[in-house]
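# Summary of structural features
Here are the chains, one letter per residue:
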Amino acid sequence: RNYYMPYGVDISNQHYQEQYVPSNQNISNSFSSLPDNIDEEYILQYLCPIPKTLKDETTIWIEKWLASKVKDIPIKNVKSKNVIEINQISNIVKECKQLLENMNNNKKNMEQNVSTMTEVEWKKACSNLVLDKKQIDTMISTLHFDAESLSELKFRLAKRKKKRDRLKRLKANLKLIKSQKKDEILEINRKIDAWQSALKENILKEERVNKTKTEANIVLKGVRGKIEDAKNQLSLLDNLEKLRKCRLQNCVNKRKNPLLENSLNKLKILWQQKLADYNKEEEGLKNMLTKAEAKKHEKREIEIQEKLAEWDHILFGPSFRSHEMGIDDYTFLEIRRGWDKYVVDEKVVSASSSIPLGWILPMEPCNNDWAKYSNNVNIL
């Protein structure tokens, strides 16, 4: 049987004696007393320890391999703080080069003036050469590096070279990007200039057409005035001829005046010719204005057809024209009545919506299989 001890109960021998053994009896306890703060860890470690599970060969090999890897991890060397900087080396080399140039100049000067120089000047020049040599030796002594410092210096030089190459590439890329942007701006400006030129040309063309039309209307108005004058003159001559005939009829002797009749006939012929010329000119001007108006109307119709074709291509695809549907009015009304059956009150049905104004643009097809049906209405 398994007996469970209640939580918080003292299980020491002294407590057992006080509870279950009378005070007049003396019982010797040969067992050591348990600690007061006994817990699960104490029980598992001292009272009833759990035997360790045996490890297989694979687990043992993995543990040994991990232990060897931990030992083989190299410790990175701490970067030396006494490494000379690259700019310092560059300055030292420049100073050495300058000192060598000074020594060469002093040497040439001494060789040229060896016969004229005094002993004091010669010693001074020699001392200058010695001082320059000592300075060069001192500087060169600072450039002696061990293998580790030399490798560190080479690494830093390679790193600096890579950085400079990267900056050069970045600068070249930025230059290329700027050049491309400049070309794009020039192309945009060229297109804007072309658009402005075309717009100005269209405006000038419209102005020329309107000016020509205005001038033609003015000329036509003048021709019509001349036609009216010619008609008035012919009417006047006809009235004069009628008046002459009446006078001849009322005259007693009824003598005719051939000179007057000839003059009237000549004037009538002249004005009739002018009237014919004026009519021809008026007809030509009317034809010109009619052609200009027809051309303008034709251009407008072409623009309308192009706009309709563009809208049809956007809304219905390339092979459908909404304004050329072969449906009669009766069929159209039947279709509309069928649609109107589904019209509901917006206040009654919450999910309803009003009829949209204008066309509803179609959604893009989800894949190529559906796209072929949306782009070609005659595929079925």
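Keep in mind the model is a prediction, meaning the values are calculated, not measured.

### Considering the overall build of the protein
The helix and strand inventory of the protein stands at nine helices and zero strands. Overall, the protein shows an N-to-C arrangement of helices and strands of α-α-α-α-α-α-α-α-α. Within the span of the protein, comprising 380 residues, buried residues form 11% of the whole. Long-range pairs, those at least 24 residues apart, make up 63% of the contacts in the protein between residues at least 6 apart in sequence. Per element, the accessible surface of the protein, about 34,600 Å² overall, is 56% carbon and sulfur.

### Comments concerning the nonpolar core
With 13 residues, the main nonpolar core has Val223, Ile227, Ala230, Trp271, Leu275 and Tyr278 as its most contacted residues. Among the elements of the structure, helix H6 (147-250) and helix H7 (258-316) are those that each provide at least two residues to this core. Broken down by element, this core gets its largest block of residues, seven residues, from H6. Beyond its immediate stretch of four places on either side in the chain, Trp271 contacts Ala230, Gln233, Leu234 and Leu237. Counting residues in each nonpolar core, the second largest holds ten residues, with Ile92, Cys96, Leu99 and Met103 among its members.

### Focus on helix H4 (residues 86-112)
For H4, with 27 residues, the first-to-last C-alpha span of 39 Å sits near the 39 Å given by 1.5 Å per residue. For H4, the complete set of buried residues consists of Ile86, Ile89, Ile92, Cys96, Leu99, Met103 and Met110.

### Considering the packing of aromatic side chains
Each aromatic ring pair is summarised here by two numbers: the centre-to-centre distance and the angle between the ring planes. This structure, assessed with the given rule, holds one aromatic pair. Geometrically, the ring pair formed by Trp61 and Trp65 is stacked, given 6.5 Å between the ring centres and 15° between the ring planes. One end of the pair, Trp61, and the other, Trp65, are both in helix H3 (residues 57-72), four residues apart, so they sit about a helical turn from each other. Among the residues examined, Trp65 registers a relative accessible area of 40% and is labelled partly exposed. Its guanidinium or amino end placed over the ring of Trp271, Lys274 lies 4.8 Å from that ring's centre, counting from NZ or CZ.

### Re a positive patch on the surface
Among the surface-exposed residues, Lys159, Arg160, Lys163, Arg164, Arg166, Lys168 and Arg169 lie close enough to one another that they form a single positively charged patch. Secondary-structure assignment places Lys168 in helix H6.

### Concerning the confidence of the model for the protein
When pLDDT is averaged across the protein, the result is 75; 71% of the residues are at 70 or more. Put simply, helix H1 (residues 13-20) is where the protein has its lowest mean pLDDT, 46, and H4 is where it has its highest, 86. A low-confidence stretch, residues 1-31 stays under pLDDT 50, and its non-local contacts, those more than four residues away or across chains, total eleven contacts.

### Topic: the pattern of salt bridges
Within this structure, the stated rule accounts for nine salt bridges. Here Glu201 makes a salt bridge to Arg208, at a shortest N to O gap of 3.5 Å. Across the salt bridge formed by Asp340 and Arg336, the nearest N and O atoms sit 3.1 Å from each other. One end of the pair, Asp340, and the other, Arg336, are both in helix H8 (residues 329-340), four residues apart, so they sit about a helical turn from each other. We classify Arg336 as partly exposed; its relative accessible area is 38%. The network of salt bridges with common partners includes Arg224, Glu282 and Lys286.

What counts, and at which threshold
Residues numbered from 1 in each chain as written. Predicted model: local features only at pLDDT ≥ 70, side-chain atom pairs only at ≥ 80, totals over all residues. Heavy atoms only, no water. Helix = DSSP H or I, 4+ residues; strand = E, 2+ residues; numbered from the N terminus. Buried < 20%, exposed > 50% of the residue type's maximum accessible area, 1.4 Å probe, protein only. Contact = heavy atoms within 4.5 Å. Areas by Shrake-Rupley, 256 points an atom, 1.4 Å probe, with all protein chains shown as cover. Core = buried A, V, L, I, M, F, W, Y, C linked by side-chain atoms within 4.5 Å. Expected span 1.5 Å × (residues − 1). Phe/Tyr/Trp six-rings, centres within 6.5 Å; stacked < 30°, edge-to-face > 60°. Lys NZ or Arg CZ within 6 Å of the ring centre and 35° of its normal. Patch = residues over 30% accessible without salt bridge, like charges linked within 9 Å, V, L, I, M, F, W, Y side chains within 5 Å. Salt bridge = Lys/Arg side-chain N within 4 Å of Asp/Glu carboxyl O. Lys, Arg positive; Asp, Glu negative; His and termini not counted. Charge placed at Lys NZ, Arg CZ, Asp CG, Glu CD. pLDDT = per-residue confidence, 0-100.

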